[in-house]
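Spelled out, the chains give:
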Amino acid sequence: MYAITSKRTLAKGVIEMTVQAPRVAAHHKPGQFVIVMSDEHGERIPLTIADSDPQKGEITIVFLEVGKTTIQLGEQFNAGDSLFAVVGPLGTPTHVEKFGTVVVIGGGLGVAPIYPICKGLKEAGNRVVAIVGYRSKDLMFWHDRIASVSDEMLVTTDDGSFGEKGLVTDALAKLHDGGAKMDRIIAIGPPVMMRAVSEKTKDWGVSTWVSLNTIMIDGTGMCGGCRVHIGGETKFVCVDGPDFDAHKVDWGEMFARMKGYAKEERMALEADHKCKLAFEALRR
Amino acid sequence: MADAIDIVELGGVKEGDKKKPRSKEKRLDIACQDAKERIHNYNEVALGYSPKEAVAESMRCLECPKPRCMVACPVHIDIPTFIGLISRGKFHEAAEDIHKYNALPAVCGRVCPQENLCEAACIINDTNPHNPIAIGRLERFCADYHFLHSDGEHAAPLKPATGYKVCVIGSGPSGLSCAADLAKMGHKVDLFEALHKPGGVMMYGIPEFRLPKAIVQKEVNYVRSLGVNIECNVVVGRTLPVKEVLDGYDAVYVASGAGYPNMMGIPGENLNGVYSANEFLTRVNLMQAWQEGVAGTPIRRPRRCVVVGAGFTAFDVVRIALRLGAQEARIVYRRSRDEMPGRGEEIEHAEQEGAIITVLTNPVKYLGDENGFVRAVVVQKMELGEPDSSGRRRPIPIKDSEYEIPCDTVVVSIGQTPNVLIPSNMPGLKTRWGSIIQANRETYMTTVPKVFAGGDAITGAATVILATRAGREAARSMDAYLRDPARAWYPPA
Ligand SMILES: Cc1cc2nc3c(=O)[nH]c(=O)nc-3n(C[C@H](O)[C@H](O)[C@H](O)COP(=O)(O)OP(=O)(O)OC[C@H]3O[C@@H](n4cnc5c(N)ncnc54)[C@H](O)[C@@H]3O)c2cc1C
Ligand code: FES
């Protein structure tokens, strides 16, 4: 149904796939995501749409091989295979208008989803300053693409193997301390990074937005599994978000909820691993 | 289809012979899986009548000339006629006859709250209390027999193609029955479903042990066989913008159900281990999390589970919790037993399986452990006061009556409301209470031209039979609308 048209490894464990999903590609706006099922028995996982090509009817997804499904996708699915389900584009699109100067931060895997956002903001007439951060040089990807849709780009690596040594928050603080104009900040990446950005910008008076990646099932507001407190009110991330005012997010709850299935997930991975070992032993 | 049925052998009457109804006899129990056994599996609990049992039960029916059961049935199935056909061994004819009125007999025979509808009205209650004809079980028997002993297709001549294109949104009972009828009327029907499997609540909500998914899929296949194009993974309002639907079709039926879970908004509700009923049920039913090692979707295996509420949903949840291995699974309900809206048979089955029911009790907050997982619910005792707007006595908290119930899983089953995705994306569509779509109860027309709506989307969470009825009546109304050259006679919602 949803044919994979290309697949490549961008960095260790980071996979880029293009998938045929014409209806999704035709209507995708920056900040939206899809729910993907690898096969009929698979789980439904949310992945941000990193790019779309309405002419070809294709969307691009980028994922890290960390969980049961992403590992399966990385190891067993190749160009020519098909995904069982791709649903989207879901979520409220990122708010795009002419703000002035927008600092867009992508950390690790978060570099992929900021691509359409930078592109959209630039098309709306903003000056886009991108900060992209990686653990080290060999994990870098898409910085060239981000450069093509931003006016200025800063690269950080944790170990200093490329660009500035340090975290994205260090680069952001440096910009701010240097008196750089910023009318809005958007940060996407691991929750710890988004929280760190939020804490940094709290006293600056700059509106800061993050894209939350909670556990989801349907992605349409039906299960409430994605819920989290925002400004004291329960919100469903899949429909009310995924973008929220960073300063209103209940980060403690967000972190706790992300670990809701850590035990089950670990058990599933171990079981898979054992199956594989047993299977290999049999083959030998 | 002519099977050799020896109706005399089965205890019925030969065609032309006079039936001697045995209404004084007790209603025939349905064979069930033993409670101790069934809590370890997901197979259907009620096993259904054999032909001999069905005939025996049918022989109790008086076949009243003025049947009260028929009046009480929301779709007015000709109950005495189909039961009479069973008594005479005409099982297929009985199934066909039911199908004239009800598009989903195999489903409704299993899940309708008959004890409040047709069976409550049965005249035998007057002389032989608590022993009405088991109409639901007989309906199920006919539908199952027909599925098993024929190609499952209902005699349905399609009318010549009209050239009109109709869009149906949502594949629950309402959308499916509307789509089927529109197709039979000769219209070209596209049905869009947001989830990856069609069936609506019948797939994601009602568990396998009460409604086998194979039955739902048979109904879906039948609708497909009529030429309806069912496309899954299409969220109208996102994947397919509402404007494209309005531009691309001559008429639209919105049957998007009531899928938005209500929560109570009390402290601790977002702790891990606190689920909405929809999430719990979706993981188990649609995503099949009960099949450990097969399904990719995880579910918490509760040890002590508290289920808040006492409707259909709450009883389904509590019975699933037991099957997932819960040592204690408890319903907590703020009113008394008499007000519990759940289906009688289900309450009985749940108690046989070991569910505990704690009435006149309401949660006030949830307590968590250091990792953000629920460890207890604090509840408050209630007493009943004056009747409220629903006619039921209003529960009032008793002061200083709070106590803790330890638990590791909580499932909040206090009802669902419609999703706002379609209303908020369809300019001009009027709603009540923010999400219930306003539609005329005779024509099913909404406040937007050429858009009709029915089922839970216009009533809030109700029943399969009401959703089915709305689908069929709306199909008739849409057909009239499409064939009317002026298309102006419709009163707005
Ligand atoms: C757990 C549970 C148990 C129940 N048990 C019983 C019972 O025993 N007996 C009984 O009579 N009733 C029961 N009910 C109620 C009954 O299931 C519903 O009243 C009935 O299914 C309503 O049918 P519907 O077609 O209106 O909506 P639904 O069955 O809710 O179907 C709506 C469909 O529309 C889809 N949809 C929604 N929005 C969109 C969109 N934007 N684009 C595309 N698709 C969309 C949804 O995914 C869904 O599949 C139960 C309900 C629950 C939750
Ligand atoms: S993922 Fe189910 S409501 Fe958001």
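Keep in mind the model is a prediction, meaning the values are calculated, not measured.

Student: What exactly am I supposed to notice about the overall build of chain A here?
Tutor: Looking only at helices and strands, one finds nine helices and 16 strands in chain A. The C-alpha atoms of chain A give a radius of gyration of 19 Å, which matches the 19 Å a tight globule of 284 residues would have. Relative to its full complement of 284 residues, chain A shows a buried share of 54%. Sequence separation of at least 24 residues holds for 64% of the intrachain contacts in chain A that already meet a minimum separation of 6. For chain A, the distance from the average site of its 33 positive side-chain charges to the average site of its 36 negative ones is 1 Å.

Student: Can you walk me through the overall build of chain B in this structure?
Tutor: Scanning chain B for helices and strands turns up 19 helices and 18 strands. Rg of the C-alpha trace for chain B: 23 Å, near the compact-globule value of 23 Å for 493 residues, within the 12% margin. C-alpha extents for chain B along the principal axes are approximately 70 × 60 × 50 Å. Relative to its full complement of 493 residues, chain B shows a buried share of 61%. In chain B, the share of contacts with a sequence separation of at least 24, taken over all contacts with a separation of at least 6, comes to 70%. With an accessible surface of roughly 19800 Å², chain B has 53% of that area assigned to carbon and sulfur atoms. Chain B carries 59 positive and 59 negative side-chain charges, and their two centres are separated by 2 Å.

Student: Would you take a moment to explain the packing of helix α14 (residues 277–286) of chain B against helix α15 (residues 312–323) of chain B for this structure?
Tutor: Axes are the key here: two packed helices are described by the angle between their axes and the distance separating the axes. All names here are of chain B. At their nearest, the axes of α14 and α15 sit 10 Å apart, and the two run at 50° to each other. The orientation of α14 with respect to α15, classified from their angle, is oblique. The two elements α14 and α15 cross, and the hand of that crossing is left-handed. In this structure, α14 contributes Ala277, Phe280, Leu281, Val284 and Asn285 to the contact, and α15 contributes Thr313, Asp316, Val317, Ile320 and Ala321.

Student: Looking at this structure, how should I read the sheet that holds strand β8 (residues 328–332) of chain B?
Tutor: In a beta sheet, neighbouring strands are held together by backbone hydrogen bonds and run either parallel or antiparallel to one another. All names here are of chain B. Across the sheet, five strands lie side by side as β6-β14-β7-β8-β9; this open sheet has parallel pairing. Sheet topology places β6 (274–276) and β9 (356–358) at the edges, where each strand pairs with a single neighbour. Each strand axis lies, on average, 20° off the axis of its neighbour in the sheet, ignoring direction. Where β6 and strand β14 (residues 409–412) come together, three bridges link them in parallel fashion. Note that in β14 the partner of Ser276 across the bridge is Val412. Packing against the sheet, α14 makes contact with β6 and β14, and its axis sits at approximately 85° to β6. Most of the contacts of α15 go to β8, to which it runs at about 170°, and overall it touches β7 (304–308), β8, β9 and β14.

Student: How should I be thinking about the interface of chain A and chain B in this particular structure?
Tutor: Often, the extent of an interface is quoted as the loss of accessible area upon association of its parts. Each side of the interface is counted separately: chain A has 42 residues, and chain B has 44 residues. Between chain A and chain B, the buried area comes to about 3300 Å², and carbon and sulfur atoms account for 53% of it. It is A:Arg23, A:Met222 and A:Tyr261 that lose the most area in chain A upon contact with chain B, and together they represent 21% of the buried surface on that side. Remark: the boundary between chain A and chain B carries one salt bridge. Across the salt bridge formed by B:Glu231 and A:Arg23, the nearest N and O atoms sit 2.9 Å from each other. For the interface between chain A and chain B, the tally reads 19 residue pairs in polar contact (both at pLDDT 80 or more). With six residues, the top contributor of residues to the side of chain A that touches chain B is strand β7 (residues 85–90) of chain A. Residues of the side of chain A that touches chain B, tallied by class, amount to 17 nonpolar, 14 polar and 11 charged.

Student: Would you mind showing me how to read the side chain of B:Asp78 here?
Tutor: Residues and elements named next belong to chain B. Among the secondary structure elements, Asp78 is positioned in the loop between α3 (68–72) and α4 (79–87). Of the side chains with opposite charge, Lys100 lies nearest to the buried Asp78, which makes no salt bridge, at 6.8 Å. A distance of 2.8 Å separates a polar atom in the side chain of Asp78 from a polar atom in the side chain of Thr81. Those residues in contact with Asp78 that lie beyond four places of it in its chain are Met70, Asp97 and Tyr101.

Student: Help me understand the packing of aromatic side chains, please; the structure alone is not making it clear to me.
Tutor: The description of an aromatic ring pair uses the distance of the two centres, along with the angle that the planes make with each other. In total, this model carries 12 aromatic pairs over all chains according to the counting rule given. Each ring, one from A:Phe236 and one from B:Tyr260, has its centre 5.0 Å from the other, and the planes form 25°; the classification is stacked. Separated into two different chains, A:Phe236 in strand β15 (residues 233–236) and B:Tyr260 in strand β5 (residues 260–261) make up a pair that spans both. Here B:Phe452 and B:Tyr481 contribute two aromatic rings whose centre-to-centre distance is 5.4 Å and whose plane-to-plane angle is 70°, an arrangement assigned as edge-to-face.

Student: Looking at this model, I keep getting lost on the site of ligand 1. Mind explaining?
Tutor: All names here are of chain B. Near ligand 1 there are 34 residues, and of these Val111, Glu193, Arg210, Val236 and Asp456 occur at the shortest range. Backbone polar atom of Ala194 to a nitrogen atom of ligand 1: 3.2 Å apart, as the coordinates give it. One of the backbone N or O atoms of Asp456 is found 2.9 Å from an oxygen atom in ligand 1. Burial of ligand 1 by the protein chains amounts to 95% of its free accessible area of 1000 Å². For the shell around ligand 1, the elements supplying multiple residues, two or more each, are α10 (173–184), α15 and α19 (464–483). Per-element tally for the shell around ligand 1: the top contributor is α15, with three residues. Per-class residue counts for the shell around ligand 1 are 18 nonpolar, 12 polar and four charged.

The rules behind each value
- Residues numbered from 1 in each chain as written.
- Chains lettered and ligands numbered in written order.
- Predicted model: local features only at pLDDT ≥ 70, side-chain atom pairs only at ≥ 80, totals over all residues.
- Heavy atoms only, no water.
- Helix = DSSP H or I, 4+ residues; strand = E, 2+ residues; numbered from the N terminus.
- Rg over C-alpha atoms; globule rule 2.2 N^0.38 Å.
- Buried < 20%, exposed > 50% of the residue type's maximum accessible area, 1.4 Å probe, protein only.
- Contact = heavy atoms within 4.5 Å.
- Lys, Arg positive; Asp, Glu negative; His and termini not counted.
- Charge placed at Lys NZ, Arg CZ, Asp CG, Glu CD.
- Areas by Shrake-Rupley, 256 points an atom, 1.4 Å probe, with all protein chains shown as cover.
- Axes fitted to C-alpha atoms, helices over the stretch in contact; angles between N-to-C directions.
- Parallel < 35°, antiparallel > 145°, perpendicular 65-115°, else oblique.
- Left-handed = near helix turned anticlockwise from the far one by under 90°.
- Pairing = 2+ DSSP bridges.
- Buried area = accessible area lost by both parts, 1.4 Å probe.
- Salt bridge = Lys/Arg side-chain N within 4 Å of Asp/Glu carboxyl O.
- Polar contact = N/O pair within 3.5 Å; in protein donor to acceptor, adjacent residues only side chain to side chain.
- Nonpolar A, V, L, I, M, F, W, Y, C, P; charged D, E, K, R; others polar.
- Phe/Tyr/Trp six-rings, centres within 6.5 Å; stacked < 30°, edge-to-face > 60°.
- Near = heavy atom within 4 Å.

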